[in-house]
Amino acid sequence: MGIFSRKKTKSIDQSFLSVNLTEIFSDFGSNILNSDTVRICIDCIASHASKLKPRHIKETKNLVEEQKGTLSFLLKHQPNELMSPSDFIYKIVSLLYLNNNVFIYPKFNERNEIEGLFPIKPNTVEIKKDDLGTVYLEMYFDDGNSYLVPYDSLIHLRRYFYSNEIFGGNGAISDHSAVLRTIAINDSILQGIDNAIKSSFQIKGLLKMNAMLSQEDKNKQKELFDTALKNSIRENNSAIIPVDLKADYVPLTIDPKLVDTATLDFLNKKILSYFRVSEPIYNNKYTEEEFNAFYEGTIEQLSIKLSEEFSRILLSRKQKEEGEQIIFYSERLQYASWNTKVNAIEKLMGLGLMSLNESRALLGLEPVEDGNKRLQSLNYVDSTKANDYQLK
C-alpha cells in the first residue's frame, strides 16, 4: 500500500493513543457474493452510478464555472494512475454495497498538493482516539501491513448508518444478516434442483435374478445385460432387450420434486428489494418510468452522498464559503424516449437553458462548430419589464 507513504498530517505517537476494541469494522460482506443475484444487483447499481460525472465547480450569484487545477483534472480525467473516472466510481459503489462502508484515500505530495484518489479495501479498521478526542483509523490490509490515518483525511461513504458512531452496518460489523438468510435459502433450493437433475440420470432400474447366484455370476449377468442394452441402442436405436426366466428387469420411477416458480421468484424479489433494484432494471428491460424510479430511489442518493462527502474532505471551509463544490452530475444517466427528449429540447432551448450542442448531446449526436451558443425564443420577456412591454 504505497499510497500511504505520505500522509496529509504529521505522524502520530502511538504511545498516547487509547484503543476501543469494541469499535471494529470487519470485511464481512464477501459472503453475499456467493449469490449470482447479489453480484448482478451490485454490478447493476455500480454500472449506472459509474456514468456520473464528477466536476469541481464554483457557483456565484450569476455563474457556475468549472474550476481548473489538479483536483479538477483528477475528478474529470484520471483519479489515479490505475483508474478512469468510471472505473473509480464503479469500485467505490461496489465496495459500498458489499461492505456498507467504503474509504477513499486522497494522496498528497511533499508540497501538500493532491496527487491521486484511491479507493481502499482494508480487512479490519479500528477506531482510535488521542487525548484531545481526535479520531484516527488503524487500517489492516491483506499484505499484513497496517496504517494509522486521521479520520478527517479520509472520504468515507456508508449505508445503514444508524447504530455506530463511525461505521455503516450493524454496529461494528458490515452486516448483511437481513439478506443472508434469504440468500442461504435460495442457494439450498438451487442445490436441490441440481441434485434432482443429477438423480434423474442415475439408477433407472434393478435386474432381479431368479436364482441363487454367487457374486461373480451376478456381475457376469449384469455385464451381459449392459452389453445387450448397448448393442440394442447402437444397432437398433432401441432401449428394449429380451430377457429369459433367469432374470427380471424392475424399473425404478424417479420423480424429483422441484420448487415452483412462484417460490423462486419470491426469494429473488426479496434480494432485489434489499438492494433497491427492480426486476426490469435487474433484467435490463425497463421503460422510461421504471428507470426514473430506479434513479430517484437508488442512484440519486448516491450522487448526493458522493458530492457532499468529496466536497467535505477535499475542499477547505474557505473554498466552500466562496461557492466551490464537487458535484457528481447525472446528465449521462437520464433515460428518456426520443419523443420525451425532443419535447424537452424544444422547451429548454426556448428558455435559453440549453445550447445547440447540449441538445445534440442529449440525442446522442456529435457537437458542431459554433454549437455552444444559446438560442432563446422571443416569446419570453423579463418579468420586471413585462408591464412596460404590454404598454408598447
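You'll find the structure just up there.
None of these values were measured; they are calculated from a predicted model. Residue positions are counted from 1 within each chain, in the order its sequence is given. Thresholds applied to this predicted model are a pLDDT of at least 70 for local features of residues and 80 or more for the giving and counting of side-chain atom pairs; totals over whole chains, interfaces and linings are not thresholded and use all residues. Just so you know, side-chain values use all the structure's heavy atoms and leave hydrogens and water out.

**Some details on the packing of helix α1 (residues 36-49) against helix α6 (residues 261-274)**
Each axis is a line fitted through C-alpha atoms, taken for helices only over the stretch in contact, and angles between the N-to-C directions span 0 to 180 degrees. Helix and strand assignments come from DSSP, with helices taken as H or I runs of at least 4 residues and strands as E runs of at least 2, each series counted from the N terminus. Relative to each other, α1 and α6 sit at 35 degrees, their axes nearing to 10 Å. α1 and α6 meet at a crossing whose hand is right-handed. On α6, the residues that touch Thr37, Val38 and Cys41 of α1 are Asn268, Ile271 and Leu272. Note that Gly is not counted as nonpolar here; it falls among the polar residues with everything else outside the nonpolar set of Ala, Val, Leu, Ile, Met, Phe, Trp, Tyr, Cys and Pro and the charged set of Asp, Glu, Lys and Arg. Here the contact of α1 with α6 is composed, by residue class, of 4 nonpolar, 2 polar and no charged. With the far helix as reference, a near helix turned anticlockwise by less than a right angle produces a left-handed crossing, and one turned clockwise produces a right-handed crossing. By definition, residues are in contact when any of their heavy atoms lie within 4.5 Å.

**Looking at the pairing of strand β4 (residues 101-108)**
Buried means the residue's accessible area, taken with a 1.4 Å probe over protein chains only, is under 20% of the maximum for its type, while exposed means over 50%, and partly exposed covers the values in between. Among the 8 residues in β4, 8 count as buried, and that is most of the element. The side-chain alternation of β4 yields two buried faces, one formed by Asn101, Phe103, Tyr105 and Lys107 and the other by Val102, Ile104, Pro106 and Phe108. Sheet analysis places β4 next to strand β9 (residues 155-158), joined by 4 bridges and oriented antiparallel. Bridge assignment links Asn101 to a residue of β9, and that residue is Arg158. For two strands to count as paired, DSSP must find a minimum of two bridges between them. As judged from the 6 bridges shared by β4 and strand β5 (residues 114-120), these two strands associate in the antiparallel manner. The partner of Ile104 across the bridge, within β5, is Pro119. Connecting β4 to the next strand, β5, in antiparallel fashion are 5 residues, including Asn112 with a positive phi near 60 degrees.

**A look at the sheet that holds strand β3 (residues 64-66)**
If you trace the 3 strands from one edge of the open sheet to the other, you get β3-β2-β12, paired in antiparallel fashion. Because the sheet does not close on itself, it has two edges, and the strands there are β3 and β12 (324-329). Strand after strand, the sheet turns through a mean of 45 degrees between neighbouring axes, direction not considered.

**Describing the packing of aromatic side chains**
Between two aromatic rings, the relevant description is the distance of the centres plus the angle of the planes. Two rings belonging to Phe, Tyr or Trp (six-membered ring only in the last case) form a pair when the distance between their centres is within 6.5 Å. Interplanar angles under 30 degrees mark stacking, angles over 60 mark edge-to-face geometry, and anything in between is tilted. Tallied over the entire structure, the rule returns 8 aromatic pairs. Positioned over the ring face of Phe161 is Arg158, at 3.8 Å from the centre of the ring. Lysine and arginine charges are scored as sitting over a ring when NZ or CZ, respectively, is within 6 Å of the ring centre and within 35 degrees of the ring normal.

**What to know about the pattern of salt bridges**
Throughout this description, the term salt bridge denotes a Lys or Arg side-chain nitrogen within 4 Å of a carboxyl oxygen of Asp or Glu. In total, this model carries 8 salt bridges according to the counting rule given. Note that Arg312 is salt-bridged to Glu309, the shortest N-O span being 2.7 Å. With Arg312 and Glu309 both in helix α8 (residues 288-314) and 3 residues apart, this pair spans about one turn of that helix. Since its relative accessible area comes to 40%, Arg312 is described here as partly exposed. Residue class for Glu309 comes out buried when judged on its relative accessible area of 12%.

**With respect to the sheet that holds β9**
A sheet is described by the order of its strands in space; here 3 strands give the open sequence β5-β4-β9, paired in antiparallel fashion. In this open sheet, the two edge strands, each paired with only one partner strand, are β5 and β9. When strand polarity is set aside, the average angle formed by the axes of neighbouring strands in this sheet is 15 degrees. With respect to the sheet, helix α3 (residues 85-99) is in contact with β4, β5 and β9, its orientation differing from that of β4 by roughly 140 degrees. Against the sheet, α8 engages β4, β5 and β9, with an angle of about 155 degrees to β9.

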